[in-house]
Amino acid sequence: MRNYPEITVAPPGPRAREIVARDAAHVSTSNGKQYPLVVARGLGAMIEDVDGNRYLDFMAGIAVVTAGHSHPRVVAAVKRAVESFQHICGSDFYFESFAELAGRLCRLAPGDAPRRVAFGNSGTEAVEAALKLARHHTGRPRFLAFTGAFHGRTMGALSLSASKAKHRRGFAPLLPDVTHVPYAYCYRCPYGLEHPSCDLHCVDVIEEQHFAHELPPEEVAAVFVEPILGEGGYVPPPPDYHRRLKALCEKYGILYVADEVQTGTGRTGRFFASEGYGVEPDIVTLAKGLASGLPIGATIARADLMTWPPGSHGSTFGGNPLACAAALATIELLEQGLMARAKDLGAVLLAGLRALQERHRLIGDVRGRGLMIGVELVRELETKEPAAQEAERVVRRSFEKGLLLLTCGESVVRFAPPLVIEREDVERALSILDEVLTEVEADGRRA
Ligand code: PLP
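Let me sum up the structure you'll find in this document.

Reading guide: rules and limits
Residues numbered from 1 in each chain as written. Predicted model: local features only at pLDDT ≥ 70, side-chain atom pairs only at ≥ 80, totals over all residues. Heavy atoms only, no water. Helix = DSSP H or I, 4+ residues; strand = E, 2+ residues; numbered from the N terminus. Contact = heavy atoms within 4.5 Å. Near = heavy atom within 4 Å. Polar contact = N/O pair within 3.5 Å; in protein donor to acceptor, adjacent residues only side chain to side chain. Areas by Shrake-Rupley, 256 points an atom, 1.4 Å probe, with all protein chains shown as cover. Nonpolar A, V, L, I, M, F, W, Y, C, P; charged D, E, K, R; others polar. Pairing = 2+ DSSP bridges. Buried < 20%, exposed > 50% of the residue type's maximum accessible area, 1.4 Å probe, protein only. Arc of directions from axis to C-beta.

1. Concerning the environment of Phe 415
Checked against the element boundaries, Phe 415 lands in strand β15 (residues 412-415). Each C-alpha atom of the pair Phe 415 and Ala 60 lies 9.2 Å from the other, and the pair is 355 residues apart in sequence. What Phe 415 contacts, discounting residues up to four positions off in sequence, is Phe 58, Tyr 234, Leu 349, Leu 353, Leu 371, Met 372, Ile 373, Val 375, Leu 405 and Leu 433.

2. Structural notes on the site of the ligand
All residues in the neighbourhood of the ligand are listed as Ser 122, Gly 123, Thr 124, Phe 150, His 151, Gly 152, Glu 226, Glu 231, Asp 259, Val 261, Gln 262 and Lys 288. Note that a nitrogen atom of the ligand is positioned 3.3 Å from one of the backbone N or O atoms of Phe 150. With respect to the ligand, the side chain of Lys 288 contributes an N or O atom lying 3.3 Å from an oxygen atom. In the complex, the protein chains occlude 83% of the 390 Å² of accessible area that the ligand would expose alone. A class-by-class count of the residues in the shell around the ligand yields two nonpolar, six polar and four charged.

3. Some thoughts on the sheet that holds strand β2 (residues 46-49)
Taken together, four strands build an open sheet; the order of strands is β1-β2-β3-β13 and the sheet is mixed. The open sheet has two edge strands with one neighbour each: β1 (39-43) and β13 (403-404). Of the pairings in the sheet, the one linking strand β3 (residues 54-57) to β13 comprises two bridges and is parallel in character. Following the sheet pairing, Leu 56 is matched in β13 by Leu 403.

4. Section: helix α9 (residues 241-251)
Along α9, the residues that are buried comprise Tyr 241, His 242, Leu 245, Lys 246, Leu 248 and Cys 249. When α9 is viewed along its axis, its buried side chains cluster within an angular range of 155° and face the same direction. Exposed residues on α9 whose side chains face more than 90 degrees from its buried face are Glu 250 and Lys 251. Considering only its buried residues, α9 is in contact with β5 (142-146), α8 (201-213), β7 (220-225) and β8 (255-259). Directly after α9, the chain includes Gly 253, whose backbone phi takes a positive value near 65°.

This is how it looks when you write it as structure tokens:
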């Protein structure tokens, strides 16, 4: 029998409140928290807070702890690494796990073309490296990205992001030559069309409108695209979308960069979500789940693109020995069953959420691949008015009942559990969500 979720003190309890107050006094005001979870320890899909409450984790530290919290094999690998040496700077010197991880990622990348890897410490750094490499290789200045996209918070990556205005507010000027076009968000098609009869108008419009009138394609270095929109609402595009987009890129010599920071490392049931869409990106970025919680970012590019000279890019901590060890252990666990589990339990979770959709009018759409699933809440099914406050309430009440979730997009509840969850965890999460939706819907009727 599981000993979680179990709430014994209404969160935040006294110890949690004290730590929240210390944090509030000294930590940057820029951090935006969804609920006051104060963690003491974690194991697998369980998190215990400082007051002894135990939660079922369906957000994985924002889609990061692939192998769950403190997986014994990840912990053992990190211990071995830290006992050997802590740091040497992989950009300037050599160590085995750095070369080993680069080789593993090159072999895993979609397609047969030889690849190379540049390591950083985070998603935003992986995207920065891709931006620099794309300019360096093509000699072109401009970029194309998507409305709703999130690529990070450093100046270059922020220039590509267009998920929430608050991320950009007050930080202009950003990179001047980034054009944003609508993503294939079929539930809310910006052109009012339906797939497949739309014939992917959202891709054609890039050529017919933008390339024809304001964005000379021969000046575009790269298109940055998330295989599945992440922070923008967990939106998987239609199956043929990425192939069409890649073909457009090829026509004009534009690099196709798949930002797999959130979709990558097995979460969708394949190592790279791009594989599921049948595309071979020119450049892929990874971070988040790659080392199950240790900081790492990777920019994987075709070897014929990654020819920039020594000194043109690098990082003191990028691909540090602890993170490389954790990443190698994570990849092994993925190959030994976690990736298959993401696919299988993802299907169970998706079916369970679709069954809830039958009974809850708040649920407008359920979508996803593997264990990357979004449930979009709407005030009315007909108007699809986003139920943003309700989504916040669902997440907050789930927290109070011991289920950790997060929102994304305007009114989407996202499910991104560690890939070690079991069927029982899925069933528990569904039953808590059912209860919470019933309560939030009842609140709405009373209001
Ligand atoms: N790219 C994508 C697709 C992301 O989802 C994120 C973070 O949510 C980033 C980049 C930025 O990653 P990081 O927060 O590690 O810099």
